[in-house]
Amino acid sequence: MESQPNYFLPIQVKNPQIRMNASLMQKHVIETNPKSTKALIKQNSFHLTLKVLHLKNNTEIEHVKIAFVKTVEKYRQNFINEKLYLDFQGIGDFFEQTIYAKLENEEVVKTRLNPIIEEISKKITKSGVRIVNQENWKPHLTLVDLRKVKKLRKEARKLHPSLTSNFKNMKFGRELVNGLQLLSIFGPKSQENYYEIIAEVAFEQDTPKCN
């Protein structure tokens, strides 16, 4: 049985242009399908997920924090010397349940980030930490997700592709990758409605942050 994810490694998406363009698409969705309002992803919580974890206790959390910080610090200078950007353009969906902004430069992003994610994964799995299966992982920016609303999920609601046809090729914007985070899915949200940050390494900052 698959363990429920409770922590994850993402890149936070903060570019105001991306948020503004996403809001235009989200507004169109709820005007066309008002029942999907609760399925909108709040802009302050926008992120691109890299790896999903199931951590059972504080010991595992501490182990992952250490592995995360040490590994990202090891690669940090690479991202200072050569910037990495996330270019979001176009709309996609998963089973008409989730609408997302596509990552146009997906292969470049994977090439730059996979070594970090793979090294962290190797370090933490040796100690028995559970990594949730992400076969055929496709990096993306989720904008609407019916699965997070129990009532809509039970009613098997669908988001027909025609809802977003006007935004099929929309350029959402470019996000500079300036760090990686370890976040709690179920921890208390910040005042800005962002996930609880367990650890963070910023590429342009000398000292990593840990809670």
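Here, every reference points to the structure presented above.
If you're wondering where the values come from, they're calculated on a predicted model, not measured in any experiment. (Residues numbered from 1 in each chain as written. Predicted model: local features only at pLDDT ≥ 70, side-chain atom pairs only at ≥ 80, totals over all residues. Heavy atoms only, no water.)

> Explain the overall build of the chain to me, please; I cannot follow it from the model alone.
A count of helical and extended segments in the chain gives four helices and 10 strands. Counted from the first residue to the last, the chain has its helices and strands arranged as β-α-β-α-β-β-α-β-β-α-β-β-β-β. The C-alpha atoms of the chain give 17 Å as radius of gyration, which agrees with the globular expectation for 211 residues (17 Å, within 12%). Reported as C-alpha extents along the three principal axes, the dimensions of the chain are approximately 45 × 40 × 35 Å. Taken across its 211 residues, the chain has 49% of its residues classed as buried. In the chain, of all internal contacts separated by at least 6 residues, the share reaching a separation of at least 24 is 79%. Of the accessible surface of the chain, which amounts to about 11,500 Å², a share of 50% is contributed by carbon and sulfur atoms. Across the chain, the mean location of the 34 positive side-chain charges is 5 Å away from that of the 23 negative side-chain charges. (Helix = DSSP H or I, 4+ residues; strand = E, 2+ residues; numbered from the N terminus. Rg over C-alpha atoms; globule rule 2.2 N^0.38 Å. Buried < 20%, exposed > 50% of the residue type's maximum accessible area, 1.4 Å probe, protein only. Contact = heavy atoms within 4.5 Å. Areas by Shrake-Rupley, 256 points an atom, 1.4 Å probe, with all protein chains shown as cover. Lys, Arg positive; Asp, Glu negative; His and termini not counted. Charge placed at Lys NZ, Arg CZ, Asp CG, Glu CD.)

> I would appreciate a short explanation of unusual backbone geometry in the present structure.
Backbone phi values are negative for most residues with the exception of glycine, while trans is the configuration of most peptide bonds. Even without being glycine, F95 reaches a positive phi, approximately 55°. Relative to the elements of secondary structure, F95 occurs in the loop between β3 (85-94) and β4 (98-103). Backbone geometry places E96, a non-glycine residue, at a positive phi of 55°. With respect to the helices and strands, E96 occurs in the loop between β3 and β4.

> I would appreciate a short explanation of the pairing of strand β6 (residues 140-145) in the present structure.
Two faces, one strand: in a regular strand the side chains alternate between the faces of the sheet. Burial of β6 is extensive: six of the six residues sit out of reach of the surface. As paired elements, β4 and β6 share five bridges and run antiparallel to each other. Bridge pairing links A101 to L141 in β6. (Pairing = 2+ DSSP bridges.)

> Help me out: how do you make sense of the pattern of salt bridges in this one?
Where side chains of opposite charge bring their charged atoms close, a pairing between them can arise. Evaluated as defined, the whole model comprises 10 salt bridges. For the salt bridge of E82 with R112, the shortest nitrogen-to-oxygen distance reads 4.0 Å. Residue E82 is located in the loop between α2 (58-81) and β3, and its partner R112 is located in helix α3 (residues 106-125); the two are separated by 30 residues in the primary sequence. The network of salt bridges with common partners includes K74, E119 and K123. (Salt bridge = Lys/Arg side-chain N within 4 Å of Asp/Glu carboxyl O.)

> Help me understand the environment of H47, please; the structure alone is not making it clear to me.
Structurally, the position occupied by H47 is in strand β2 (residues 47-54). When the C-alpha atoms of H47 and L143 are compared, they prove to be 9.9 Å apart, with 96 residues separating the residues in sequence. Among residues more than four places away in sequence, those in contact with H47 are F8, P10, I11, Q12, V13, H140, L141, Y194 and Y195. Separated by 2.8 Å, the side chain of H47 and the backbone oxygen of S45 make a polar contact. (Polar contact = N/O pair within 3.5 Å; in protein donor to acceptor, adjacent residues only side chain to side chain.)

> Could you clarify how one ought to interpret the nonpolar core in this entry?
Taken as a class, soluble globular proteins show a tendency for nonpolar side chains to be buried jointly. In terms of nonpolar packing, the biggest core is built from 56 residues, with F68, F88, L113, L143, F172, L180 and L182 touching the most fellow members. No other element matches the eight residues that α2 contributes to this core. Contacts of L182, omitting those with residues within four sequence positions, involve Y7, F8, L9, P10, L53, V64, K65, F68, E196, I197, I198 and A199. (Core = buried A, V, L, I, M, F, W, Y, C linked by side-chain atoms within 4.5 Å.)

> What is the right way to look at the sheet that holds β4 in this model?
Strand pairing in a sheet is mediated by backbone hydrogen bonds. Such pairs are either parallel or antiparallel. Taken together, the four strands give an open sheet; going across it, the order is β6-β4-β3-β7, and neighbouring strands pair in antiparallel fashion. On the outer flanks of this sheet lie β6 and β7 (171-176), each paired with one strand and no other. For this sheet, the mean inter-axis angle between neighbouring strands, taken without regard to orientation, is 35°. Packed onto the sheet, helix α1 (residues 16-32) meets β3, β4, β6 and β7 and runs at close to 145° relative to β7. (Axes fitted to C-alpha atoms, helices over the stretch in contact; angles between N-to-C directions.)

> Would you mind showing me how to read the packing of α2 against α3 here?
In helix packing, the relevant descriptors are the interaxial angle and the interaxial distance, both defined with respect to the helix axes. Packing of α2 against α3 brings their axes to within 9 Å, and their N-to-C directions diverge by 155°. Taken together, α2 and α3 sit at an angle that is classed as roughly antiparallel. Where α2 crosses over α3, the two elements pack in a sense that is right-handed. Across the interface between the two elements, H63, V64, A67, F68, T71, V72, K74, Y75, N78 and F79 from α2 touch R112, L113, P115, I116, E119, I120, K123 and I124 from α3. For the contact of α2 with α3, a count of residues per class yields 11 nonpolar, three polar and four charged. (Parallel < 35°, antiparallel > 145°, perpendicular 65-115°, else oblique. Left-handed = near helix turned anticlockwise from the far one by under 90°. Nonpolar A, V, L, I, M, F, W, Y, C, P; charged D, E, K, R; others polar.)

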